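Read off the chains here:
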Amino acid sequence: MAYKDERVISILMEQAEATEERVLGYRDELKHAVADIIALERQNKFAKTNIAVKVGDIVSRVGTYLNKHTGTGS
Amino acid sequence: MRLIKARFDGFRLLDGAEFNFSVDKKKNVTVIRAANESGKTTLLSALQWALFGDEALPSTYTTISMDIPEGMVGTTTAEVTYEVETPKGTRRYRLVRSLSDRAGSSSRPKSSVALEEIKPTGNDSVPNVESYLGQHMPADLREVFFTDGDRALSFIEGRRGDQQKRVRRAIEQLMGLPLLEAALEHVKKAERDIRAKADNVSGSQQLSDVRAQLEALDLAIPDNEAKLAATTEEIANLSDLYSRADRTLQDALKKGNREEIAGDLQRIEKQRAASEARKRTADLDQSRLLSGIDFAKGMMGEKLKAAGKVLDQLRKKGQIPNSTIPVLEERLTHADCICGESLDPNDRDGARRRAHILHLIEDSRATDVLKSRISTIYYESRELTNGKMAWHDQYVKAYSARTREQETYEELGRQAAELEARLSKIKDNDVQSAREMRDTYLQQLTSKREQATRLDVTVRNLRQQRGERAKEMETLLARETKGRKFAAELSAAGDLRKIVEQTLVTMKTREVDAVSRHMNELFLQMIGADPDRAMIRRAAITTDFNIIVYGRNERLLDPSQDLNGASRRALTIAFILALTQVSGVEAPNVIDTPLGMMTGFVKREVVKVAASSSSQLILLLTPDEINGCEDILDQVAGEVVTMTNPAHYPVMLKHDPGTSDARVLICKCDHVSSCEICERNTPSTPKQVGEAA
């Protein structure tokens, strides 16, 4: 009876694919980020964690990637 | 997840009750046969308690046996073995849940639970049991997978808003939407935190202002969204109430408006009075025809014609008319004769001639009486034999007119009686109150729709403003070297938020549509609806989570009112099966008494469709539900057992079970066989009882 997250993940990937590629590899970063966030949310449902901080870290990770590659031409 | 076996001790009627569930993929159905009051619903509750814990039962639900005396302690234990598919293969677990309760206590104590993984090398105790169980059997999904025929109907019955809530909840839970909503909230929070940090670091007043605006927008948007959702729900309920009120009004109008009917009655009475007057005139016309000359002509015409001929012959012979005397007498009044000679009495010749005429008069007077009478008849009968003989036609016309008027009079009398009967059945204010009620709902509905439109516009505007302010903030940040990092993070947060938001929208539309289409296929298959000829053409789930059905000519039907009991149940079972299939969640569907109110084709198809649409199907069926589906169960049922309540002896059970304990007996009898334990008396029909007497 366990949840099947495959459908949710596949649609998240579709949406990430449709997002602007602000810098090279940005979409892949977004895909990894949403997959990580969903995994954290699922985990949090059964064992409470400090999820807000963890999601913040993931967002920060993508932001850092974007900042690092912006203006570098890569 | 698949159930393998279960054992219950001290759970109400279930004591020492063991069940094996079919895990054969080709015969994936387990049938628990039990008559009414033989433990089916208890088993459904027991399974839910074992797997989902205390929350699965109402707090007042007592699990211990009814045989335990007041004040004494009873123990309830459930032991369930199940397996789950994991990326590392199939894993098997054994779950034991138990509690001890005192008979008569007002609240049920908390249960304790133990879980162990069954391994070839020996069982491993699992820590954090509830967490594990939550992953294997999420409580959110319980009501979809464990249900009964009546409870499933709540998806299409009751208040419209409540129906929508239940359908939405079921879909959202199975599709994992709460997970996405939680993720969205956390991403939004991260976005807010980044803005706050950026604001602190930059110290720019403009940035601070934009941030404050964004903070306000972030509060206003969900607030207005919640108001819009609440208004939408109110609209759904009001639409439902309006439809019902309109139907009541239509029914009342069919019965008729009291004032209108009274008016109709008055009009009919007037027409009836006029008809009565016309009828009287027709009576007179008819009676006049029976006493007039034409009647005589009609009755005696032929005879008179014959007599007329004889009289004509006599006239031609000069025998009639007997006109000599009046002619001669008339001539004596003149001074001369018709031949020109004088009749002057003073003249000698004239006097002689007058004497001759008087003599002739005297002679004529001597003519026989018969000749005189014949003359009279001749003259008087000429009126009867001359002219058209139209009496018959006139009489037919008059008779038809009178008959027609009589019929009109009687018909108006019937109409008046019918109106009087209707009038006596109608309350004074039926139509008026129904119309007022409908108009009130319509007014409220219109007002709510306008409110919803305003809220929708507000939400759109607020979202647009948020987008603009976010962009402005990013631009301001990008101007400063130390702000660029935050600008990048905000861009990332915004992109992540949009991805999750758009995924939610997609899930709510595309996936709901998939459930809708699949539900329609299963439903039409269950009820055997021919797409070209059936009364019910298709079923669907609307974007606002209503389950609706269309009839011929795309006419919208209300499932709770326009479908029969069997179709209603088939529709809700189709919804559950479609939902579980589209979600991809593999779990047993446990359904108590799903085939109630179903017979024949629909019942058989529901069993077939449910078996082929479930990964594992556990049906709790009465013998009546099984009746007519035996051959299908032969094909799809991998496990069948029978539960019998010994308290049913001797009224319903044929043999003495040897116990009167309040616990069901379980035998291996399948859906077609019976034994000393489960064999039941054949219910006697009134005819049989009469024959026996």
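Below: a short report on this structure. The structure presented is a predicted model; accordingly, all values stated were derived computationally and were not measured.

Looking now at the sheet that holds strand E1 (residues 2–9) of chain B. Residue and element names in this part refer to chain B. Pairing in this open sheet of six strands is antiparallel, and the strands run E2-E1-E4-E5-E6-E7 from one edge to the other. With one partner strand each, in any of the chains shown, strand E2 (17–20) and strand E7 (124–125) form the two edges of the open sheet. Two strands pair when backbone bridges link them, and strand E6 (residues 112–118) and E7 are joined in this way by two bridges, in the antiparallel orientation. Each bridged residue has a counterpart across the sheet, and for Glu116 the counterpart in E7 is Ser125. Across the sheet, helix H1 (residues 40–52) is in contact with E1, E2, strand E4 (73–86) and strand E5 (89–102); its angle to E5 comes to roughly 110°. Running at roughly 65° to E6, helix H2 (residues 129–136) makes contact with E4, E5 and E6 of the sheet.

A few words on the nonpolar core. Residue and element names in this part refer to chain B. Counting residues in hydrophobic clusters, the biggest one holds 153 residues, and the most contacted among them are Phe8, Leu14, Phe19, Tyr82, Phe523 and Phe575. For this core, the element with the highest residue contribution is helix H15 (residues 484–527), accounting for 20 residues. Contacts of Tyr82, omitting those with residues within four sequence positions, involve Met1, Arg2, Leu3, Ile4, Arg91, Arg92, Tyr93, Leu95, Leu115, Leu133, His136 and Met137.

Okay, the pattern of salt bridges next. A side chain with one charge can pair with a side chain of the opposite charge if their charged atoms come near. Residues and elements named next belong to chain B. This model, assessed by the stated rule, comprises 51 salt bridges over all chains. One salt bridge connects Asp285 with Arg288, and the closest N-O pair in it is separated by 3.1 Å. Highlighted residues: Asp285 and Arg288, both in helix H8 (residues 258–291), separated by three residues, approximately one helical turn. Note that Glu605 is salt-bridged to Lys608, the shortest N-O span being 3.2 Å. In this pair, Glu605 and Lys608 both sit in helix H18 (residues 600–613), three residues apart, roughly one turn of the helix. A single salt-bridge network, built from bridges that share partners, covers Glu191, Arg195, Glu215, Asp218, Arg466, Arg497 and Glu501.

A few words on the interface of chain B and chain A. The partner chain A presents 35 residues to the 47 residues of chain B that form the contact. The junction of chain B with chain A conceals about 3500 Å² of combined surface from both sides, 69% of it contributed by carbon and sulfur atoms. The interface formed by chain B and chain A holds three salt bridges in total. Asp495(B) is the partner of Arg22(A) in a salt bridge, and the nearest nitrogen-oxygen pair spans 2.7 Å. Our count for the chain B to chain A interface comes out at nine residue pairs in polar contact (both at pLDDT 80 or more).

Basis of the calculations
Residues numbered from 1 in each chain as written. Chains lettered and ligands numbered in written order. Predicted model: local features only at pLDDT ≥ 70, side-chain atom pairs only at ≥ 80, totals over all residues. Heavy atoms only, no water. Pairing = 2+ DSSP bridges. Helix = DSSP H or I, 4+ residues; strand = E, 2+ residues; numbered from the N terminus. Contact = heavy atoms within 4.5 Å. Axes fitted to C-alpha atoms, helices over the stretch in contact; angles between N-to-C directions. Core = buried A, V, L, I, M, F, W, Y, C linked by side-chain atoms within 4.5 Å. Buried < 20%, exposed > 50% of the residue type's maximum accessible area, 1.4 Å probe, protein only. Salt bridge = Lys/Arg side-chain N within 4 Å of Asp/Glu carboxyl O. Buried area = accessible area lost by both parts, 1.4 Å probe. Polar contact = N/O pair within 3.5 Å; in protein donor to acceptor, adjacent residues only side chain to side chain.

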